[in-house]
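# Fold and contact review
The lines below spell out each chain.
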Amino acid sequence: QQPVQSPQAVILREGEDAVINCSSSKALYSVHWYRQKHGEAPVFLMILLKGGEQKGHEKISASFNEKKQQSSLYLTASQLSYSGTYFCGTESRGSQGNLIFGKGTKLSVKP
Amino acid sequence: DGGITQSPKYLFRKEGQNVTLSCEQNLNHDAMYWYRQDPGQGLRLIYYSQIVNDFQKGDIAEGYSVSREKKESFPLTVTSAQKNPTAFYLCASSISTGISNQPQHFGDGTRLSIL
């Protein structure tokens, strides 16, 4: 039931791009993305509601393929502040409002 | 400023002891959640509450108990039955469950350790 995130970890240089994937075995109603700095609270990034929908937040965007039960988070021209662990939270039909989180992807951006 | 306040930030538990973690929100949210976070495991749902005086078990409720006597407050008790309580505990709230376009807002967490 827990969505699978890949990769588990990624190291970037400033300015490089990254893609984080989130796959579920269940039919999804929505996918939520959060970023967590070490020892801090997760911070909401965005929600993807419709199949094929793509949303953006500055240089961070995401897509949601409802048929494939997958979402991808795109980080372009990465900044040092992008470092942290990224979690996807999936919401399945019949359990709207409750999220199941993946294990996270640790992103490290180096100068 | 509106937000979620968790206390204490650090907590130590002796063997056989119950401890209570506090969670208060002033966002006027109906739904509140408790998650447990272990290294490399993501967030796992312990309990959630959609409305005052009502709550449901999540995926890992054994050894924990909650109450929801007020809309703003959702304390979590880690009982002596929870044999491996060492973890980072996060409280969250959202406007309501059953509405999928609403984000969850998190507190800063409580780190619980065994003495």
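Details of the structure are given in the entry above.
Everything numeric in this text was worked out from a predicted model, so none of it was measured.

## What to know about the overall build of chain A
Across its full length, chain A holds zero helices and 11 strands. Mapped from its N terminus to its C terminus, chain A presents α and β elements in the order β-β-β-β-β-β-β-β-β-β-β. Taking 13 Å as the expected radius of gyration for a compact globule of 111 residues, we find that chain A reaches 13 Å, a close match to that expectation. Per-residue burial for chain A yields a buried fraction of 49% across its 111 residues. Of the roughly 5500 Å² that chain A leaves accessible, carbon and sulfur atoms contribute 48%. With 13 positive and 8 negative side-chain charges, chain A shows a separation of 6 Å between the mean positions of the two kinds.

## Some details on the nonpolar core
Most often, soluble globular proteins have nonpolar side chains that are buried together. A:Trp33, A:Met46, A:Leu73, A:Leu75, A:Tyr82, A:Tyr86 and A:Leu107 are the most contacted members of the largest nonpolar core, which totals 21 residues. Listing elements by their share of this core, those giving two or more residues are strand S2 (9-13), strand S3 (18-23), strand S4 (28-36), strand S5 (43-48), strand S7 (60-65), strand S8 (70-75), strand S9 (84-92) and strand S11 (105-110) of chain A. Counting 19 residues, the second-largest nonpolar core is a separate cluster that includes B:Val19, B:Leu21, B:Leu76 and B:Ala87.

## Details of the interface of chain B and chain A
Chain B puts 21 residues into the contact, and the matching count from chain A is 22 residues. Taken over both partners, the interface formed by chain B and chain A buries close to 1700 Å², and the fraction arising from carbon and sulfur atoms is 56%. At the boundary of chain B with chain A, the tally comes to zero salt bridges. The tally of links between chain B and chain A comes to three residue pairs in polar contact (both at pLDDT 80 or more). Breaking the side of chain B that touches chain A down by element, the ones donating at least two residues are strand S4 (31-38), strand S5 (42-51) and strand S9 (87-94) of chain B.

## Observations concerning a nonpolar patch on the surface
On the surface, B:Tyr10, B:Phe12 and B:Leu115 cluster together into a nonpolar patch covering about 380 Å² of accessible area. Turning to its location among the elements, B:Tyr10 is positioned in strand S2 (residues 10-13).

## Considering the state of the cysteines
All names here are of chain A. Applying the stated rule across the entire model yields two disulfides over all chains. In this model Cys 22 forms its disulfide with Cys 88; the gap between the sulfur atoms is 2.1 Å. Negative torsions about the S-S bond denote left-handed disulfides, and the value of about 75° found for Cys 22 with Cys 88 makes this one right-handed. Residue Cys 22 is located in strand S3, and its partner Cys 88 is located in strand S9; the two are separated by 66 residues in the primary sequence. With relative accessibility at 2%, the residue Cys 22 sits in the buried group. With relative accessibility at 0%, the residue Cys 88 sits in the buried group.

What counts, and at which threshold
One numbering rule holds for all chains: residues counted from 1, following each sequence as written. All chains are assigned letters beginning with A, and all ligands numbers beginning with 1, in the order in which they are written. Reporting of local features is limited, given that this is a predicted model, to residues whose pLDDT is at least 70; pairs of side-chain atoms are given and counted only at 80 or more, and all residues count toward the totals for whole chains, interfaces and linings. Hydrogens and water molecules were not included; the side-chain quantities draw on all heavy atoms of the structure. Elements are defined by DSSP. Helices are runs of H or I of four residues or more, strands are runs of E of two residues or more, and each kind is numbered from the N terminus. C-alpha atoms define the radius of gyration in this analysis, and the globule rule sets the expected value at 2.2 Å times the number of residues to the power 0.38. Throughout this description, buried means an accessible area under 20% of the type-specific maximum (1.4 Å probe, protein chains only), exposed means over 50%, and partly exposed covers the range between. Note on areas: these come from Shrake-Rupley sampling with a 1.4 Å probe, and a residue is covered only by the protein chains present in the view. Counted as positive: Lys and Arg. Counted as negative: Asp and Glu. His and the chain ends are not counted at all. Every charge is mapped to an atom, namely NZ of Lys, CZ of Arg, CG of Asp or CD of Glu. Side-chain atoms within 4.5 Å link the members of a nonpolar core, which is a set of buried Ala, Val, Leu, Ile, Met, Phe, Trp, Tyr and Cys residues. Between two residues, a contact is recorded if the distance between any of their heavy atoms is within 4.5 Å. Note on definitions: buried area is the accessible-area loss of two parts on being combined, 1.4 Å probe, summed for both. Each reported salt bridge corresponds to a side-chain nitrogen of Lys or Arg within 4 Å of a carboxyl oxygen of Asp or Glu. Within 3.5 Å is the distance limit for a polar contact, defined as a pair of N or O atoms, with the added protein rule that one can donate a hydrogen and the other accept it, and that residues adjacent in sequence qualify only through two side-chain atoms. For patch detection, residues must exceed 30% relative accessible area and be free of salt bridges, and they are connected within 9 Å for like charges or within 5 Å for nonpolar side chains (Val, Leu, Ile, Met, Phe, Trp, Tyr). Pairs of cysteine sulfur atoms within 2.5 Å are what we label disulfides.

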